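Here's the letter readout for the chains.
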Amino acid sequence: MADKYEKFWTRHHSFLHEHGYELRDKFKPGWVPTWESESQRARDPDGPGTPKPSCIVDATKSSDRKPVMLKKVLITENPHEVDICLYLSSLQHHSENHAVPILEVFTSPQFDYIQLVVMPRLRLFDDPSFDTVGEVVDAFRQIFEGIEFLHNHFIAHRDIHWGNIMLDPTRLYPNGSHPADTDRSPNFKSSAKYITRTECWPRYYLIDFGLSRRYSPDGLPFEVTQPNADSENITLLPEHSGAIPRRYNPFPVDIFRLGHMLTWHFEVDEFHPLQFLLPLAQKMLAKEPSSRPTITDVRRLFAEVCLGLTKEQLRSPGDPFSDNIFQRFRQFRHIVTCTRPLPRHTSFQSDRTALDDTLRPFYTCVASDLDASVTQ
């Protein structure tokens, strides 16, 4: 039986079909499953429900059969999301822009407070696991580049974590994968086949701009803490400590969250091949927001440490799960075939996206620069 999330998309099946997008068969009104048991459902491509999170659904563009994702955005909850996405999408001609492209936006014919955003179908950036240090370096090179592009346009993401960074799987998974169970093939009959990033060097994207804000450089960018929030992404922040609402600058928060991702998700404090990133992560995790580097500082420090890596270091396992004999065999093959451990013409910094140093106070000012407390 369809859950409430699936029912929403079923109610929009005809509307999306009229606008050139096809949902899977299970979202057709009146659809009846063909399986009779859970074991049969587990082998049926229509068995899985909507991808996670529940606000998105997979679809196919009718005109060219390209896979896409649709996101349901409630304007009442995230009034700035679509505007920021469209603004960033208008800047796609900049190679430093890693915001997910927006293909189309529709207003729901049934709920005028809901917009349906069409995006390319992407995949979590760490799936499959990183085979080499060079693959991790290239991923963070692009992530830092993308965040610098946002900050250079006075946009703070405000929700950076591993689940909001994606990659384009087109070349990584040459035969595709199932949209809801991405470890399976499109027809659900076998495991999805993939190559390594070193063989295709995918592009990474930032998604989910529901909490993002664009600020005026003529003022100071401040938000207000949420003392009662229990989200891990909020409670880990030094800015959110204490029971009294306070103003904070969201740009150093983006830096802190990137540093947290390095230590928590990539374990740069424990996993030896990536420990060269620990000093950078520690600077990004400074308790005092004004002591954290700007994103341009992060890219400079990142470049300094990465440019000193040897080819042997770059070919080291990029993840504990990749630390095995098969990984070493692949690296031997890459050496024999002269496959580079980093993309050709890799650039770690660009003057085009570097923050204007005269605006450093804008990106580093803290609550003490204004009245810190907010009374309710």
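Note that this is a predicted model, so its numbers are computed, not measured.

A. Up close: the nonpolar core. Within the largest apolar cluster, 68 residues are counted, with the highest numbers of intra-cluster contacts made by Val137, Phe140, Phe144, Phe209, Leu258 and Phe302. Among the elements that take part in this core, helix 5 (residues 133-152) stands out by supplying 10 residues, more than any other. Judged by nonpolar contacts, the second largest core, of 16 residues, contains Trp9, Tyr21, Leu70 and Phe111.

B. Geometry of helix 9 (residues 295-306). The terminal C-alpha atoms of helix 9, which comprises 12 residues, lie 16 Å apart, in line with the 16 Å expected from a rise of 1.5 Å per residue. Restricting attention to buried positions, one finds in helix 9 the residues Ile295, Thr296, Asp297, Val298, Arg299, Phe302, Ala303 and Cys306. Where helix 9 is buried, its residues touch helix 5, helix 7 (250-265), helix 8 (278-284) and helix 12 (360-364).

C. Focus on the packing of aromatic side chains. If you walk through the whole model with that rule in mind, you get 18 aromatic pairs. Considering the side-chain rings of Phe251 and Tyr363, the 5.1 Å spacing of their centres and the 80° angle between planes classify their relative orientation as edge-to-face. With Phe251 in helix 7 and Tyr363 in helix 12, the pair connects residues that are 112 residues apart, well separated along the chain. A relative accessible area of 2% means that Phe251 is categorised as buried. Each member of the aromatic cluster is reached from another via a ring pair, and the members are Phe125, Phe130, Phe140, Phe144, Phe266, Phe302 and Phe348. In this structure, Arg197 packs its charged tip against the face of Phe130, placed 4.0 Å from the ring centre. In this structure, Arg214 is placed above the aromatic ring of Tyr87, and the distance from its NZ or CZ to the ring centre is 3.9 Å.

D. Focus on the packing of helix 5 against helix 9. The geometry of helix 5 relative to helix 9 is characterised by a closest axis approach of 9 Å and an angle of 160° between their N-to-C directions. Accordingly, the angle class assigned to the pair helix 5 and helix 9 is roughly antiparallel. As helix 5 runs across helix 9, the sense of the crossing is left-handed. Two secondary-structure elements touch here, helix 5 through Val137, Phe140, Arg141, Phe144, Glu145, Ile147, Glu148 and His151 and helix 9 through Ile295, Thr296, Val298, Arg299, Phe302 and Cys306.

E. Seen up close, the sheet that holds strand 8 (residues 165-167). One open sheet accounts for 3 strands, arranged 6-8-9; its pairing is antiparallel. Strands with a single pairing partner mark the edges of an open sheet, and in this sheet they are strand 6 (123-124) and strand 9 (204-206). Sitting on the sheet, helix 5 is in contact with strand 8 and strand 9, with an inclination near 35° to strand 9.

F. Spatial organisation of the side chain of Gln331. One can find Gln331 in helix 11 (residues 325-336). Those residues within four positions of Gln331 in sequence are excluded, and the remaining contacts are Asp131, Thr132 and Arg315.

G. Focus on the sheet that holds strand 4 (residues 104-107). Pairing is antiparallel in the open sheet, where 5 strands are placed in the order 1-2-3-5-4. Edge positions in the sheet fall to strand 1 (21-22) and strand 4, since each of these pairs with one other strand and no more. Across 4 bridges, strand 4 lies against strand 5 (residues 114-120) in antiparallel orientation. Note on strand 5: the bridge partner recorded for Glu104 is Val118. Relative to strand 3 (residues 67-74), helix 1 (residues 4-11) is tilted by about 105°, and along the sheet it contacts strand 2 (56-61), strand 3 and strand 5. Packed on one face of the sheet, helix 4 (residues 81-89) meets strand 3, strand 4 and strand 5 and runs near 140° to strand 3.

H. The packing of helix 5 against helix 7, seen in detail. Viewed as axis vectors pointing N to C, helix 5 and helix 7 meet at an angle of 170°, and their least axial separation amounts to 11 Å. In terms of their interaxial angle, helix 5 and helix 7 are classed as roughly antiparallel. Facing helix 5, whose interface residues are Phe140, Ile143, Phe144, Ile147 and His151, helix 7 presents Phe251, Asp254, Ile255, Leu258, Met261 and Leu262. Taken together, the residues that form the contact of helix 5 with helix 7 break down as 9 nonpolar, 1 polar and 1 charged.

Reading the values: the criteria
Residues numbered from 1 in each chain as written. Predicted model: local features only at pLDDT ≥ 70, side-chain atom pairs only at ≥ 80, totals over all residues. Heavy atoms only, no water. Core = buried A, V, L, I, M, F, W, Y, C linked by side-chain atoms within 4.5 Å. Buried < 20%, exposed > 50% of the residue type's maximum accessible area, 1.4 Å probe, protein only. Helix = DSSP H or I, 4+ residues; strand = E, 2+ residues; numbered from the N terminus. Expected span 1.5 Å × (residues − 1). Contact = heavy atoms within 4.5 Å. Phe/Tyr/Trp six-rings, centres within 6.5 Å; stacked < 30°, edge-to-face > 60°. Lys NZ or Arg CZ within 6 Å of the ring centre and 35° of its normal. Axes fitted to C-alpha atoms, helices over the stretch in contact; angles between N-to-C directions. Parallel < 35°, antiparallel > 145°, perpendicular 65-115°, else oblique. Left-handed = near helix turned anticlockwise from the far one by under 90°. Pairing = 2+ DSSP bridges. Nonpolar A, V, L, I, M, F, W, Y, C, P; charged D, E, K, R; others polar.

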